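Working through the structure, step by step
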Amino acid sequence: MGALDAVAARVAAGAVVEFRPTGGSMVPLIRSRQLVTVAPVDPALVEVGDIVLARVAGTVYVHLVSALDRTRKRVQISNNRGRVNGWTGYDRVFGICTAVDGVARAGTTAKLRSLPSAATR
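Model, not experiment: these values are computed from the prediction. (Residues numbered from 1 in each chain as written. Predicted model: local features only at pLDDT ≥ 70, side-chain atom pairs only at ≥ 80, totals over all residues. Heavy atoms only, no water.)

1. Looking at the pairing of strand 6 (residues 84-89)
Direction of pairing for strand 5 (residues 74-78) relative to strand 6: antiparallel, over a ladder of 5 bridges. Bridging from a neighbouring strand, Gln76 pairs with Trp87 of strand 6. (Pairing = 2+ DSSP bridges. Helix = DSSP H or I, 4+ residues; strand = E, 2+ residues; numbered from the N terminus.)

In structure tokens form, the structure reads like this:
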């Protein structure tokens, strides 16, 4: 299990997580080791261009939504260099990047997944 698997599990459980991913596949949107904040997302609300935390073919990525197939409830995930990772179902889209190095990403707040309150769990 990799570091992003642990982050995905926490976000899927409802946590907002900050971490520092490594690699250059998302430059200039995210540079290696920049602080990234990811919050649980309603996958039905994501749009092309959103940065999401998703599992594709067994690997967890912090990559872009590059296409949508709402009928089949899936999204295509790609890096910022043009490489397509593949399609994945809504159930494997865990979170959305809400900030990079403390700078908020526009339009993400309305896409956050609302979690049941402690009283209704």
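Picking up after the structure, the text goes on.
2. Section: the packing of aromatic side chains
In total, this model carries 0 aromatic pairs according to the counting rule given. Sitting over the ring of Trp87, Arg74 keeps its end group 4.2 Å from the ring centre. (Phe/Tyr/Trp six-rings, centres within 6.5 Å; stacked < 30°, edge-to-face > 60°. Lys NZ or Arg CZ within 6 Å of the ring centre and 35° of its normal.)

3. Remarks on the nonpolar core
Most often, soluble globular proteins have nonpolar side chains that are buried together. Membership of the largest hydrophobic core comes to 17 residues, with the highest contact counts inside it found for Val11, Phe19, Ile30, Ile51 and Leu53. Contributions of two or more residues to this core are made by helix 1 (3-12), strand 1 (17-19), strand 2 (36-40), strand 3 (51-56), strand 4 (59-69) and strand 7 (93-100). Apart from the residues lying within four places of it in its own chain, the contact partners of Phe19 are Leu4, Val7, Gln34, Leu35, Val36, Val38 and Val62. Membership of the second largest hydrophobic core comes to 11 residues, among which are Val41, Ala54, Ile77 and Val93. (Core = buried A, V, L, I, M, F, W, Y, C linked by side-chain atoms within 4.5 Å. Buried < 20%, exposed > 50% of the residue type's maximum accessible area, 1.4 Å probe, protein only. Contact = heavy atoms within 4.5 Å.)

4. Regarding the pairing of strand 4
Taken together, the 6 bridges between strand 3 and strand 4 define a ladder with antiparallel strand orientation. Looking at strand 4, one finds that Ile51 is bridged to Leu64. Linkage of strand 3 to strand 4, two consecutive antiparallel strands, is achieved through a turn of 2 residues, within which Ala57 is found at a positive phi near 50 degrees. The pairing of strand 4 with strand 5 spans 5 bridges and is classified as antiparallel. Bridging from a neighbouring strand, Leu68 pairs with Val75 of strand 5. Between the antiparallel neighbours strand 4 and strand 5 lie 4 residues, among them Lys73 with a positive phi of about 55 degrees.

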